[in-house]
Amino acid sequence: MRKKIIAANWKMNKVPMEAKDFAAELAPLCATPDVDVVFCVPHVMLCPVRKSTTPNGIGLGVQNMHFDEFGAYTGEISTPMLEHFGVTHAIIGHSERRQYFNETDEAINKKTKKAIAAGLIPIVCVGESLAQREANITIEHLRIQTKLAMVGISATDAEKIVIAYEPIWAIGTGVVATTQQAEEACASIRTVLAEIFDEPTAQKIRIQYGGSVTPDNAADLFAQPNIDGALVGGASLKLDFAKIVNYKG
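Below, the structure is looked at part by part. Being a predicted model, the structure only gives us computed values, none of them experimental. (Residues numbered from 1 in each chain as written. Predicted model: local features only at pLDDT ≥ 70, side-chain atom pairs only at ≥ 80, totals over all residues. Heavy atoms only, no water.)

A few points about the environment of Met81
For step 1, the next point in the chain: Mapping Met81 onto the fold places it in helix α3 (residues 79-82).
For step 2, the next point in the chain: Residues Met81 and Lys20 lie 61 residues apart in sequence; the distance between their C-alpha atoms is 21 Å. (Helix = DSSP H or I, 4+ residues; strand = E, 2+ residues; numbered from the N terminus.)

In structure tokens, the structure reads:
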């Protein structure tokens, strides 16, 4: 059985001292052997937040990274720069990075490979827009994104990847995909993974759902056979995030 993984994506919120205090209060509430928990924070908060994640067995993630180790990339962060902060995970290809910063599928693929090479667990995001869902091309779109993200990656390395299905129309809107919609999309992603690699590999890869996940809907979502946790945005900025982690009550 795949172990659930629930990741908090703080996005561009809080300041270092605030993050330190919040993490110190939240982390003990999220310490559980039953679920892999990750706090994905802005780079400037890695040090203060690490003081709480490490003692509580919680992973420490970044929201972006570059695919080269060094170079003339003003404003970017490389994996060698992250090594000394105890970073364990990296969100890659979030829809906001694709939309606002023009990240391409090629760049996302290169970042995924670099994260694996650096010993990080990539959380690779895929998802459709409202227009794509209304045009009934959700499955086709997810298929293309997933295939392009996995180009040149071996089955052995693929098992280390987490895929986050995030319907763009449900991110931060308060509108959550129905349980059936979320399960259907995640199942389709697993089908594509089996085509790319093989069925045993596809069954080992964890697929999260993201998009207005709350303590009220978490248990129903996580009960689905192909949903292995969540990538949580707005709700991760509150202590109630712990209720999502401890969804079994």
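A word on the environment of His43
For step 1, the next point in the chain: Tracing the chain through its elements places His43 in the loop between β2 (36-41) and α2 (46-53).
For step 2, the next point in the chain: Taking the C-alpha atoms as reference points, His43 and Met65, separated by 22 residues in sequence, lie 9.6 Å from one another.
For step 3, the next point in the chain: Excluding anything up to four places from it in sequence, His43 contacts Val62, Asn64, Ile77 and Leu82. (Contact = heavy atoms within 4.5 Å.)

Things to note about the layout of surface pockets
For step 1, the next point in the chain: Its boundaries defined by the atoms lining it, the largest pocket holds a volume of some 450 Å³.
For step 2, the next point in the chain: In terms of lining, the largest pocket is formed by 17 residues, of which the most central are Met12, Gln63, Asn64, Arg97 and Phe101.
For step 3, the next point in the chain: Broken down by element, the residue count for the lining of the largest pocket peaks at four residues, all from helix α4 (residues 95-101).
For step 4, the next point in the chain: Class assignment for the residues of the lining of the largest pocket results in seven nonpolar, six polar and four charged.
For step 5, the next point in the chain: Reported here for the second largest pocket is a volume of approximately 230 Å³. (1 Å grid on protein atoms, 1.4 Å probe; cavity = no way out; pocket = protein on both sides within 12 Å on 5 of 7 lines; lining within 4 Å. Points joined across faces, edges and corners; volume = space filled by probe spheres on them. Nonpolar A, V, L, I, M, F, W, Y, C, P; charged D, E, K, R; others polar.)

Things to note about the pattern of salt bridges
Once the charged atoms of two side chains with opposite charge are near each other, the side chains can pair.
For step 1, the next point in the chain: Tallied over the entire structure, the rule returns 15 salt bridges.
For step 2, the next point in the chain: Between Asp105 and Arg98 there is a salt bridge, and its shortest N-O distance comes to 2.9 Å.
For step 3, the next point in the chain: On the basis of relative accessible area, Asp105 is assigned to the partly exposed category, the value being 26%.
For step 4, the next point in the chain: Owing to a relative accessible area of 17%, Arg98 belongs among the buried residues under this scheme.
For step 5, the next point in the chain: For Asp240, the salt bridge goes to Lys243, with nearest N and O atoms at 3.4 Å. (Salt bridge = Lys/Arg side-chain N within 4 Å of Asp/Glu carboxyl O. Buried < 20%, exposed > 50% of the residue type's maximum accessible area, 1.4 Å probe, protein only.)

A few points about the nonpolar core
Across soluble globular proteins, you tend to see nonpolar side chains buried next to one another.
For step 1, the next point in the chain: Counting residues in each nonpolar core, the largest one holds 64 residues, and the members touching the most others are Trp10, Phe39 and Phe241.
For step 2, the next point in the chain: Apart from the residues within four sequence positions on either side, Phe39 is in contact with Ala8, Trp10, Leu26, Ala27, Cys30, Val49, Thr53, Ile58, Gly59, Leu60, Gly61 and Phe241.
For step 3, the next point in the chain: Grouped together as the second largest cluster of nonpolar side chains are 10 residues, Val38, Cys40, Cys125 and Leu231 included. (Core = buried A, V, L, I, M, F, W, Y, C linked by side-chain atoms within 4.5 Å.)

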